[in-house]
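Understanding the architecture of this molecule
Each chain, written out:
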Amino acid sequence: NSLDARTFFAARKAPLRYNIFGGSIGGPIRKDKTFFFGNFEGARRRDGQTFAGNLVPHPAEVRGDFSARRDVSVLDPLTRQPFPGNVIPANRIDPIGSALAALYPAPNISNNDITRAPVNNFLANVSDRLSQNSITARLDHLWNDNNRIAARFTYIVSYTTSQNVFPTAAADFRAQLQDNDNTSIVGSWVRNLRPNLINDLRLNYGLRSNVVQAAGNGSNYNEKLKLAGVDQALFPRINVTGLTSLGSGSHER
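Residues numbered from 1 in each chain as written. Predicted model: local features only at pLDDT ≥ 70, side-chain atom pairs only at ≥ 80, totals over all residues. Heavy atoms only, no water.

**Describing the confidence of the model for the chain**
Across the chain, the average pLDDT comes to 92, with 99% of residues at 70 or higher. Ranking the elements of the chain by mean pLDDT puts helix α3 (residues 221-225) last with 93 and strand β4 (residues 147-162) first with 97. (pLDDT = per-residue confidence, 0-100. Helix = DSSP H or I, 4+ residues; strand = E, 2+ residues; numbered from the N terminus.)

**Some details on the packing of aromatic side chains**
Counted according to the given criterion, the structure contains six aromatic pairs. Measuring from centroid to centroid gives 6.3 Å for F21 and F40, while their planes differ by 45°, and the two rings are tilted. Within this pair, whereas F21 is found in strand β1 (residues 16-30), its partner F40 is found in strand β2 (residues 34-54), the two being separated by 19 residues in sequence. The exposure class of F21 is partly exposed, given its relative accessible area of 39%. Clustering of aromatic rings is evident, with ring pairs tying together F51, Y104, F122, F166 and F173. Here the guanidinium or amino end of K224 rests over the ring plane of Y221, the centre of that ring lying 4.8 Å away. (Phe/Tyr/Trp six-rings, centres within 6.5 Å; stacked < 30°, edge-to-face > 60°. Buried < 20%, exposed > 50% of the residue type's maximum accessible area, 1.4 Å probe, protein only. Lys NZ or Arg CZ within 6 Å of the ring centre and 35° of its normal.)

**Quick word on unusual backbone geometry**
For D32, which is not a glycine, the phi torsion comes out positive at approximately 60°. You can see D32 is positioned in the loop between β1 and β2. If you check the backbone angles, N86 has positive phi at about 60° while not being a glycine. When you line up the elements, N86 lands in the loop between α1 (59-62) and α2 (95-101).

Rendered as structure tokens:
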């Protein structure tokens, strides 16, 4: 972190931490016959990133008040005429839309101009987290002068959290959890058939699991919002022209 630099648009450096640790042990089980080896390595990382260029609504617009805007006229969808004063009456605002709009943070860029559409008015530092553990074990056995066998087992598990840019993780466009498991088993048999001919037989088995879930999974936001006809445990994907989206584009894969 001490040698890292602040990116151009960031007010301060994004956190950066790398911690890698582990150990290994090995030796004979039977002298000149059987040997073992074991290794463990752990990693704990915090990768800082700066997200600039986000577009969030002006605070008054979250309440339906567009009176400060000089570049837009808000029309009544029933009459196709502008709302008086460019303000949407409170009784005309859909409660679901109001609840979603409230999830946007307020702009945090000082040169935010409320008379026009939002332009790069929200910036945030985030720190993605990685926790990883790796285990390796190996056994070698000298059967006789012409035959050697070995087996190796490797298991790697990692958990990665992509941190939210907006305050509410479930409503964020990038926040997600990734669970990655890798298992590898290898067996080998080396046989000296003749002084000039060797046969190496290997068997490999691998199993990988990779699950990526949006932070909105299990948040029950659709139930709280009373959105009918969709999975109640998730958060919806909301795309608004001129604003950064709310919610993840993909919930599970």
